[in-house]
Amino acid sequence: MGFKKVQFLFCSGVLATAEGSCRLQTAARRLTTMPLCAACQFGKQTRRPTPGKISHAVQDRDGILKKDNRFPGQRVSVDHFVCATKGRLLESFGKTNPKDMYDGGCIFVDHASGYTHITMQAHLNTHGTLQSKESFELLCRNVGVVPQEYLTYNGSAFKSRDYTASLVEFRQIYCFAGTGTHHQNGVAERAIRSIMNIARTMMLHAAIHWNETADPTIWPTAVLHAVWLFNHVPSISTAISPQDIFTRTRFPQCKFHDLHVWGCPTYVLHKKISDSMKLPCWQPRSDRCMFVGLSPTHATNVPLVLNLQTGAITPQFHVVFDDWFATVTASVDDLPDFQSPEWAHMFGDSTFLYPEDVDDNDLSDSTPPDLELAVQSRFQQDAIHDAIDTAHPPTPLPLPPRFPSSAPVSAPSSASPPSLNVDLVWPSPPSSTLPFTPSLRRQRENSTLTDGSSPQREQSSQQREPPASQSLSIPTPQPSASPSPPVSNVTHHQRSGCTTKQPSRLIDTMNPKRKSKANICQFNDMYAPTDNNDFSLVHEPFGTPCSPQLLQAFLFASNIPNPDAYKASASDPDTLTFDQAMSSPDKHEWIKAANLEIAELVAKGTWTEVFQSEAHSKILPGTWVFRRKRRPDGTIKKYKARSCVRGDLQEGDFETFAPVVAWSTICTVFVFAITMRWEMLTVDFTNAFVQAALQEPIWIHVPRGFRVVGQTEPT
């Protein structure tokens, strides 16, 4: 790519990994005289302008070939490019029959975004061109783009009966550039020139620095890598790449660090070592290969490398790149002959770089009429969608396995027409275990869509019937009357200086300003167990489990936030520091808990009291953590105090990992136990962490609030 684009990436800061490289890039982007590159001079040299001839660009005609093409797929330019040097196949070992090697390829350029797609072809006939068209349309379909109009040159492959039938089948508009008027298809012609210049320059650069691997038959890999750079490098004027516009997503620019110099030496780890096997002591641990681009089916950190011994091109992960060609040698005498036919006529000097047109006097030289922008483009896109779905119907996903339902559900009558009606079973929670507000439940039931045939519904004269086209119905059975939960007389304690509020351990990350008290009640009510211990939330007909789509529809209809959007709150009013505990109304309870903690630590022989002068390393301070343990009904069960050592201040290089079970693992065990009807037992180890023996002594201060009786020297 040009040095101006490199300076633009320097300005954005995406290529800097350290402070030193950032300062170096800052100085490089201020350069006004660009450094010369031998490969660029060989590969991109152009003719100087004629003296005395002045040409002015007409600003009004800038981008005239892309006028009114505002949506990806609205118009696509197609063209063939020809290479006089046969190109090797990517899946072969470089020993393919010359008749089956690549002669060129087909290029597709989207007018609205500039996105370019290239497919290599061994023969530029109708069969190969149709395969290239199907490959491009499959790529478009994966990103939600529908090609509506193709602009091609006047070639026999694009005028054949099979190619025309394919366009008519998908209701796509096709038009041709006039005979001898390459400028009408200038979008594709300009893209061919840019990509071939990049590919030729990369190959010459690799041949100059590593001449023993110079092989003109590997030009397909250079072309594909040039297309990747052309699509992903952002524009200087808009800072957006063609890939971003075409796919409507932003490519992470941090992945530019996975790019390397095409053709540079690449050292691949030996297969036995990557498979956790051993090698002889004096055998090399890596093989020298050649970097030829990125793998199209893997992540950007998985490159394609050419094995110089076998000729295979494979994706590898355990690699080391030599971007500066420092591990290989090259001399002027060993440089390849760039004037040979293989190099001289590979791209630039080929007569058949742009295939000749087929004379046809019946074709008009004028460009096709423009579309009516949004409305007509939308109609054309829908028509093409329908044609594609008819020709290639989508394959439905397999249904989930069916499980027996806990409640009998009657099958619908076969005579009834197919509809989207789904009966959702709302589990009724036991009234003795969940302290819910009855008014909240009635308010949610009144706002829920119900079927008109439901016996629990009392329809008033002012209530409107749901529209006939609405097929999703959520009948809610009337819950049994349950007494209100008793109000506890226990005083809820708070931190000093804070206003009184009910503790909330869940917050809504989707809308932080939303009050989540009611949402928590709905969340608990939704996942409450039924009387028969059935923990399934929603059942489809015939007892199949709830699908994710049906669950999302149910949550949306009930105005319930997604439970996955909850997380633990950062502040817990039941967890106090030493100062907060000593200034709270429960000061005597916290002192009692601290005395109990110290007594248990002393009983287990956790420390030995010595003078500070005997310490041989840094003396670590301690900290207190006070917490209220509550019962399920919210009443205080226990005042707990823990004395901890500030291990984050410890000096040295040692292992500080302590294996602790994850809460998600505990929840998974609970789910298995409930599902399999297992019995569960819990065991609590008091002061579990202090029961392990220390390898080396650690000196700590006396816990805050305590002192050693009868000692005058600090201990």
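Residues numbered from 1 in each chain as written. Predicted model: local features only at pLDDT ≥ 70, side-chain atom pairs only at ≥ 80, totals over all residues. Heavy atoms only, no water.

### A few points about the overall build of the protein
So, step 1. When helices and strands are counted, the protein shows 17 helices and 15 strands.
So, step 2. Taken across its 715 residues, the protein has 35% of its residues classed as buried.
So, step 3. In the protein, of all internal contacts separated by at least 6 residues, the share reaching a separation of at least 24 is 71%.
So, step 4. Of the roughly 45,700 Å² of accessible surface on the protein, a fraction of 56% belongs to carbon and sulfur atoms. (Helix = DSSP H or I, 4+ residues; strand = E, 2+ residues; numbered from the N terminus. Buried < 20%, exposed > 50% of the residue type's maximum accessible area, 1.4 Å probe, protein only. Contact = heavy atoms within 4.5 Å. Areas by Shrake-Rupley, 256 points an atom, 1.4 Å probe, with all protein chains shown as cover.)

### Concerning the nonpolar core
Note that soluble globular proteins tend to have their nonpolar side chains buried in a common cluster.
So, step 1. One finds Ile 118, Trp 219, Val 223 and Trp 262 to be the most contacted residues of the largest nonpolar core, which totals 43 residues.
So, step 2. Looking at this core, the elements with two or more residues in it are strand S1 (76-87), strand S2 (102-110), strand S3 (116-121), helix H6 (186-209), helix H7 (219-232), strand S7 (286-294) and strand S8 (303-307).
So, step 3. Looking at which element gives the most residues to this core, the answer is H6, with 10 residues.
So, step 4. If we ignore the near neighbours within four places in the chain, the residues touching Ile 118 are Phe 81, Cys 106, Ile 107, Ile 195, Val 223, Leu 224 and Val 227.
So, step 5. Residues Tyr 115, Tyr 150, Leu 167 and Phe 176 belong to the second largest nonpolar core, which totals 16 residues. (Core = buried A, V, L, I, M, F, W, Y, C linked by side-chain atoms within 4.5 Å.)

### Quick notes on the packing of aromatic side chains
So, step 1. Going through the model one piece at a time under the given rule, you end up with 13 aromatic pairs.
So, step 2. Here Phe 158 and Tyr 163 contribute two aromatic rings whose centre-to-centre distance is 5.3 Å and whose plane-to-plane angle is 85 degrees, an arrangement assigned as edge-to-face.
So, step 3. Residue Phe 158 is classed as buried on the basis of its relative accessible area, which comes to 1%.
So, step 4. Here the aromatic residues Phe 578, Trp 590, Trp 624, Phe 626, Tyr 639 and Phe 706 are joined through ring pairs into a cluster of three or more. (Phe/Tyr/Trp six-rings, centres within 6.5 Å; stacked < 30°, edge-to-face > 60°.)

### Concerning the environment of Cys 83
So, step 1. By the secondary structure assignment, Cys 83 is in strand S1.
So, step 2. Judged by its relative accessible area of 4%, Cys 83 is buried.

### Some thoughts on the side chain of Thr 300
So, step 1. For Thr 300, the location among the structural elements is in the loop between S7 and S8.
So, step 2. Here Asp 258 takes part through its side chain, which lies 2.6 Å from a polar atom of the side chain of Thr 300.
So, step 3. Residues in contact with Thr 300, not counting those within four places in the same chain, are Trp 228, Lys 255, Asp 258 and Leu 294. (Polar contact = N/O pair within 3.5 Å; in protein donor to acceptor, adjacent residues only side chain to side chain.)

### Digging into the packing of helix H4 (residues 126-142) against helix H5 (residues 161-169)
So, step 1. Orientation of H4 relative to H5, taken along the N-to-C sense of each, is 25 degrees, at an axis distance of 9 Å. By the criterion of interaxial angle, the relationship of H4 to H5 is roughly parallel. Here Thr 126, Thr 129, Leu 130 and Lys 133 of H4 come into contact with H5, specifically with Asp 162, Tyr 163, Ser 166 and Leu 167.
So, step 2. Split by residue class, the contact of H4 with H5 holds 3 nonpolar, 3 polar and 2 charged. (Axes fitted to C-alpha atoms, helices over the stretch in contact; angles between N-to-C directions. Parallel < 35°, antiparallel > 145°, perpendicular 65-115°, else oblique. Nonpolar A, V, L, I, M, F, W, Y, C, P; charged D, E, K, R; others polar.)

### Details of the pairing of strand S6 (residues 265-269)
So, step 1. Most of S6 sits inside the fold, with 4 of its 5 residues counted as buried.
So, step 2. By the bridge criterion, 5 bridges tie S6 to S7 in an arrangement that is antiparallel. When the sheet's bridge partners are listed, Val 268 is paired in S7 with Asp 287.
So, step 3. The sheet contact formed by S6 and strand S10 (residues 319-321) spans 3 bridges and is antiparallel. The residue of S10 that forms the bridge with Thr 266 is Phe 321. (Pairing = 2+ DSSP bridges.)

### Side note on helix H17 (residues 663-676)
So, step 1. Look at H17: 20 Å from first C-alpha to last across 14 residues, which is about the 20 Å you get at 1.5 Å a residue.
So, step 2. Just past H17, the residue Arg 677 takes up positive phi, approximately 60 degrees. (Expected span 1.5 Å × (residues − 1).)

### Section: the sheet that holds strand S13 (residues 575-576)
So, step 1. If you trace the 3 strands from one edge of the open sheet to the other, you get S13-S14-S15, paired in antiparallel fashion. The open sheet is flanked by S13 and strand S15 (636-645), the only strands paired with a single partner.
So, step 2. Alignment of S13 against strand S14 (residues 622-630), held across 2 bridges, turns out to be antiparallel. Following the sheet pairing, Leu 576 is matched in S14 by Phe 626.
So, step 3. Strand contacts of helix H16 (residues 587-603): S13, S14 and S15, with the helix running at about 50 degrees to S15, the strand carrying the most contacts.

### Some points on a positive patch on the surface
So, step 1. On the surface, a cluster of positive charge is made up of Arg 627, Lys 629, Arg 631, Lys 637 and Lys 638.
So, step 2. When contributions to the positive patch are tallied by element, the ones reaching two or more residues are S14 and S15.
So, step 3. Classification of Lys 629 as partly exposed rests on a relative accessible area of 33%. (Patch = residues over 30% accessible without salt bridge, like charges linked within 9 Å, V, L, I, M, F, W, Y side chains within 5 Å. Salt bridge = Lys/Arg side-chain N within 4 Å of Asp/Glu carboxyl O. Lys, Arg positive; Asp, Glu negative; His and termini not counted. Charge placed at Lys NZ, Arg CZ, Asp CG, Glu CD.)

### Remarks on the sheet that holds strand S5 (residues 173-176)
So, step 1. Pairing is mixed in the open sheet, where 5 strands are placed in the order S3-S2-S1-S4-S5. Among the strands making up the open sheet, the edge pair consists of S3 and S5. Mean inter-strand twist for the sheet, computed between neighbouring axes without regard to direction, equals 25 degrees.
So, step 2. Bridge analysis of S1 against S2 gives 8 bridges, and the strand direction is antiparallel. Bridging across to S2, Asp 79 finds its partner in Ile 107.
So, step 3. H4 contacts S1, S2, S3 and strand S4 (149-152) of the sheet and is inclined by roughly 145 degrees relative to S3.

### Concerning a nonpolar patch on the surface
So, step 1. A surface patch of nonpolar side chains, amounting to about 330 Å² of accessible area, comprises Val 645, Leu 694, Ile 698 and Ile 700.
So, step 2. Along the chain, Ile 698 turns up in the segment after H17.

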